[in-house]
Amino acid sequence: MQLKLSASQLPFAPLLLIAPFFLWGTAMVAMKGVIPHTTPLFMAGVRLIPAGMLILIAAAFMDKPQPKGWAAWLWIALFGLVDGTLFQGFLAEGLVRTSAGLGSVMIDSQPLAVALLSLWLFQEHIGFWGWLGLGLGVTGISLIGLPDEWILHFLDSGANMTIGNWQDLFASGEWLMLLAALSMAVGTVLIRFVCRYADPVTATGWHMILGGLPLWGISSVVESQQWENLGGSDLIALGYATVFGSAIAYGLFFYFASSGSLTSLSSLTFLTPVFALIFGNLFLSEVLSPLQWVGVFLTLISIYLINQRDTLAGQNDTMTVGEIANIQQPVLEASAKKLNPITLAVRESEPEILP
């Protein structure tokens, strides 16, 4: 996998890579019964602020350094605004105004935006197999989330969507889910810049607190009866979504996003609706249609294609001459006269130089 270099030093690395998306999917199932009993912005703040505090406590036990300097705090504040306030705010308001299926399709399409941003900002290689995987992933989550009658009608009549249909679509809140997806995509890319000035774990904790405070502030002004109707089961669901669906999930996700391939990591987001469907079937007796099973299969194939795109394109895991040159650049500059005559021999002796 493209992510193995960033996670190879962690125990159970493959499980840890998948864990955020498993936790997000199951948290969505846990939150289904809570939404009618509370308000969206208050719930979004609950998912952020306590979770951020838990991450900072864990960071203290891990001896992680706190942010220092105005540059670090400015990047964390921007990170919190985009990935905290905007993402969770748009997501919470969008869930109230749209169906869960269509909402999940739009929110989980963000790997496309991440791939484009990573290609533009970090020159991440995507290639034919990567783009094919992204296309299959969006197709898969569409089959999972969209109503079967929509898909069958589309296949029967072709892509004839009237302007009125699109106006109704965006008026019902799906545009909020699209804005949430774009916010999460930008936040995923921002962590690279944040980590130049701060530790990724502590930055994640602070960005959740700074991003959640405005949500609670707005909620106190425009919302009412945020917690009066919450029961015991609702509090348990909120606790699960906060601890597991936010603190642990976001901590792991942004740790991996701070290094490695953003396109490959973000592609695992396609797993979120798959886990939501599976556990919705187990705990809420939700039945998967044949089209949804096809969507699950396409989603898994897409993740494989994206994460194995270099291997499928005939490129093995060894470093290219260009990558070696980038790594060795400071040494080459320091002793150019000595190393220039043997620059072309670096690749031939690579196993000895880079064991």
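Residues numbered from 1 in each chain as written. Predicted model: local features only at pLDDT ≥ 70, side-chain atom pairs only at ≥ 80, totals over all residues. Heavy atoms only, no water.

An unreviewed UniProt entry lists the chain under the name Membrane protein, from Nostoc cf. commune SO-36. As stated in UniProt under Sequence similarities (unreviewed entry), the record for the chain gives "Belongs to the EamA transporter family." Taken directly from UniProt, the Subcellular location (unreviewed entry) text for the chain runs: "Membrane". (UniProt positions renumbered as here; feature names shortened; annotations may be inferred.)

Caption draft 1: Expanded view of the overall build of the chain. Secondary structure summary: the chain contains 19 helices and 0 strands in total. Counting over 355 residues, the chain shows a buried share of 48%. Restricting to contacts in the chain with at least 6 residues of sequence separation, those with at least 24 account for 89%. Of the accessible surface of the chain, which amounts to about 17,900 Å², a share of 70% is contributed by carbon and sulfur atoms. (Helix = DSSP H or I, 4+ residues; strand = E, 2+ residues; numbered from the N terminus. Buried < 20%, exposed > 50% of the residue type's maximum accessible area, 1.4 Å probe, protein only. Contact = heavy atoms within 4.5 Å. Areas by Shrake-Rupley, 256 points an atom, 1.4 Å probe, with all protein chains shown as cover.)

Caption draft 2: Local environment of a nonpolar patch on the surface. Among the surface-exposed residues, Leu54, Ile57, Phe61, Val243, Phe244 and Ile248 lie close enough to one another that they form a single nonpolar patch of about 550 Å² accessible area. Mapped by element, the contributors of at least two residues to the nonpolar patch are α3 (40–61) and α12 (232–257). With respect to the helices, strands and loops of the structure, Ile57 is situated in helix α3. Its relative accessible area of 48% is what places Ile57 among the partly exposed residues. (Patch = residues over 30% accessible without salt bridge, like charges linked within 9 Å, V, L, I, M, F, W, Y side chains within 5 Å. Salt bridge = Lys/Arg side-chain N within 4 Å of Asp/Glu carboxyl O.)

Caption draft 3: Structural view of the nonpolar core. If you look at the biggest cluster of nonpolar residues, it comprises 51 residues, and the most contacted ones within it are Phe21, Trp24, Phe253, Phe254, Leu265 and Leu268. Among the nonpolar cores identified, the runner-up in size contains 10 residues, and Ala27, Met31, Met43 and Ala241 belong to it. (Core = buried A, V, L, I, M, F, W, Y, C linked by side-chain atoms within 4.5 Å.)

Caption draft 4: Molecular detail of the packing of α3 against helix α11 (residues 200–222). In the contact formed by α3 and α11, the axes pass within 7 Å of each other and the chain directions differ by 155°. Here α3 lies roughly antiparallel to α11, going by the angle between them. Handedness of the α3/α11 crossing: left-handed. The class makeup of the residues in the contact of α3 with α11 is 20 nonpolar, 8 polar and 1 charged. (Axes fitted to C-alpha atoms, helices over the stretch in contact; angles between N-to-C directions. Parallel < 35°, antiparallel > 145°, perpendicular 65-115°, else oblique. Left-handed = near helix turned anticlockwise from the far one by under 90°. Nonpolar A, V, L, I, M, F, W, Y, C, P; charged D, E, K, R; others polar.)

Caption draft 5: Here's a closer look at the environment of Gln292. Within the fold, Gln292 resides in helix α15 (residues 290–307). Each C-alpha atom of the pair Gln292 and Ile141 lies 8.4 Å from the other, and the pair is 151 residues apart in sequence.

Caption draft 6: Representation of unusual backbone geometry in the model. Residue Asp63 is not a glycine yet carries a positive backbone phi of 60°. For Asp63, the location among the structural elements is in the loop between α3 and α4 (70–97). The phi torsion at Gln225 lies on the positive side, around 55°, for a residue other than glycine. Note on placement: Gln225 falls in the loop between α11 and α12.

Caption draft 7: Region of interest: α12. The end-to-end C-alpha separation of α12 is 35 Å, in line with the 38 Å expected for 26 residues at 1.5 Å each. A bend of about 30° at Ala249 is the largest found in α12. (Expected span 1.5 Å × (residues − 1). Bend = angle between axes of the 7 residues up to and from the residue.)

Caption draft 8: Quick peek at empty space enclosed by the protein. As enumerated under the stated definition, the model contains 1 cavity of 30 Å³ or more in all. Taken as a whole, the largest cavity spans an internal volume of roughly 70 Å³. Residue lining of the largest cavity: Met28, Met31, Met43, Ala44, Arg47, Gln88, Leu91, Ala92 and Leu95, and that is the complete set. Of all the secondary-structure elements, those providing two or more residues to the lining of the largest cavity are α2 (13–31), α3 and α4. For the lining of the largest cavity, the element with the highest residue contribution is α4, accounting for 4 residues. Considering only residue class, the lining of the largest cavity consists of 7 nonpolar, 1 polar and 1 charged. (1 Å grid on protein atoms, 1.4 Å probe; cavity = no way out; pocket = protein on both sides within 12 Å on 5 of 7 lines; lining within 4 Å. Points joined across faces, edges and corners; volume = space filled by probe spheres on them.)

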